[in-house]
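Read off the chains here:
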Protein chains: 2
Amino acid sequence: MAPPESLVERLRRRTDWRLTAQRRVVAEAFEGAHVHLTAEEVLDRARHRMPEISLATVYNTLNELVALGELQPLQSGRGRPRYDPNTAQRHDHLVCLGCGAIHDVHARGRVELPQAERFGHEVVAHETIFKGYCPRCRRDR
Amino acid sequence: MAPPESLVERLRRRTDWRLTAQRRVVAEAFEGAHVHLTAEEVLDRARHRMPEISLATVYNTLNELVALGELQPLQSGRGRPRYDPNTAQRHDHLVCLGCGAIHDVHARGRVELPQAERFGHEVVAHETIFKGYCPRCRRDR
DNA sequence: TCTATATTTAGAATCGTTCTAAAATCAGGC
DNA sequence: GCCTGATTTTAGAACGATTCTAAATATAGA
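Presented here is an overview of the structure given in this document. Predicted, not measured: the structure shown is a model, and the values here were computed from it. (Residues numbered from 1 in each chain as written. Chains lettered and ligands numbered in written order. Predicted model: local features only at pLDDT ≥ 70, side-chain atom pairs only at ≥ 80, totals over all residues. Heavy atoms only, no water.)

**Quick word on the relation of the copies chain B and chain A**
Superposition of chain B onto chain A requires a rotation of 179° combined with a translation of 0.0 Å along the rotation axis, giving an RMSD of 0.2 Å. As the rotation angle and translation indicate, the two copies are arranged about a two-fold axis. Among all residues of chain B, the minimum C-alpha distance to the rotation axis is found for Thr128 of chain B, at 2.1 Å. Interface residue correspondence from chain B to chain A reaches 98%, placing this contact among same-surface, isologous pairings. (Least-squares fit on C-alpha atoms with pLDDT ≥ 70 in both. Contact = heavy atoms within 4.5 Å.)

This is the structure we're talking about:
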């Protein structure tokens, strides 16, 4: 699978949203694969490149990116929400029930929701969450 | 499909956890199908039967039931966590992106996670989340 | 009934997030 | 290059949800 275009790259192309210095360091926090950060982790990473950035700006930016469809909020299990920059490609998630770590995965097979089970909903997407224990948490049990 | 045993019924059988009057009214809040309540909704329903029950007890009880595996916390989309009493039967969820309502459903088909995508995890469960718009929210768009 | 343990409770404390209003920055027109 | 209005950032206050604390109550078992 070709590596997806990065969040910063996608944002650079947008004309409806200014990519300021602060917004760029927030977006750059999401570089890499399997990156699903909490707001606090984004602040940590952003401060690394721009120590004076404020918490309010991090929250503002995360909320704007969600509204633009450039970040998907993930609420897996316990704890605060995490943000997934991989919005361009359909994918599934593997979450560790021990430590909460999340990997992007692609399930094999196909599922669909029969009409009788839709309760009148218009279904627009689906995602499968696999739950388990990562090597480290498996050892600690 | 046979209706699953209710939460209260399951709790009655436990010997490791006292089913006090307060805990019973909390558990009774989850009677019915497609019931996925927030803590606040549980408090409302519990007060109906026991007006003097405290918020702290509701939170205590919800957390204990999650630890016992009798409730599954759901974090669908935005908003506070909801609790699902249907832990005995594998099932999937259909969530409305407009209002956040959740239905229990059973997907048709089969998915699995290839070994190469497991990153060393021991996979113990999976769940598919279908996202869409309920009849009411579809109309409001 | 007595005693030790478990449970409940009100209210304070904490935590994550949003709000507010002032300061800083920026784009476009001169 | 400088104004000017609009946008963005910011510190700190405010807020809402949840957890904590420590005292009161209820319970099980002797």
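**Here we look at the protein's contact with DNA strand C**
The full set close to DNA strand C counts 18 residues, and Tyr59 of chain A together with Thr20, Gln22, Arg23 and Thr57 of chain B are the nearest of them. If you look at DNA strand C and keep only atoms within 4 Å of the protein, 84% of those are sugar or phosphate atoms. In this structure, Asn63 of chain A approaches DNA strand C through a side-chain N or O atom, which is 3.2 Å from a phosphate oxygen. Counting residues per element, the surface near DNA strand C draws most heavily on helix 4 (residues 55–67) of chain A, at 4 residues. Tallied by class, residues from the surface near DNA strand C come to 7 nonpolar, 6 polar and 5 charged. (Near = heavy atom within 4 Å. Polar contact = N/O pair within 3.5 Å; in protein donor to acceptor, adjacent residues only side chain to side chain. Helix = DSSP H or I, 4+ residues; strand = E, 2+ residues; numbered from the N terminus. Nonpolar A, V, L, I, M, F, W, Y, C, P; charged D, E, K, R; others polar.)

**Here we look at the protein's contact with DNA strand D**
Near DNA strand D lie 18 residues; those nearest to it are Thr20, Gln22 and Thr57 of chain A together with Tyr59 and Arg80 of chain B. A breakdown of the atoms of DNA strand D within 4 Å of the protein gives sugar and phosphate a share of 84%. Arg23 of chain A places a polar side-chain atom, nitrogen or oxygen, 3.2 Å from a phosphate oxygen of DNA strand D. Asn63 of chain B places a polar side-chain atom, nitrogen or oxygen, 3.1 Å from a phosphate oxygen of DNA strand D.

**Details of the pattern of salt bridges**
Taken as a whole and assessed by the stated rule, the structure comprises 22 salt bridges over all chains. A salt bridge links Glu5 of chain A to Arg13 of chain A; its shortest N-O distance comes to 2.3 Å. Among the residues examined, Arg13 of chain A registers a relative accessible area of 57% and is labelled exposed. The partner of Glu127 of chain A in a salt bridge is Lys131 of chain B, with the nearest N and O atoms 3.2 Å apart. Taken together, the positions of Glu127 of chain A in strand 6 (residues 122–133) and Lys131 of chain B in strand 6 (residues 122–133) put the pair across two chains. For the pair Glu127 of chain A and Lys131 of chain B, one class covers both residues: buried. (Salt bridge = Lys/Arg side-chain N within 4 Å of Asp/Glu carboxyl O. Buried < 20%, exposed > 50% of the residue type's maximum accessible area, 1.4 Å probe, protein only.)

Taken by themselves, the reported measurements are silent on function.
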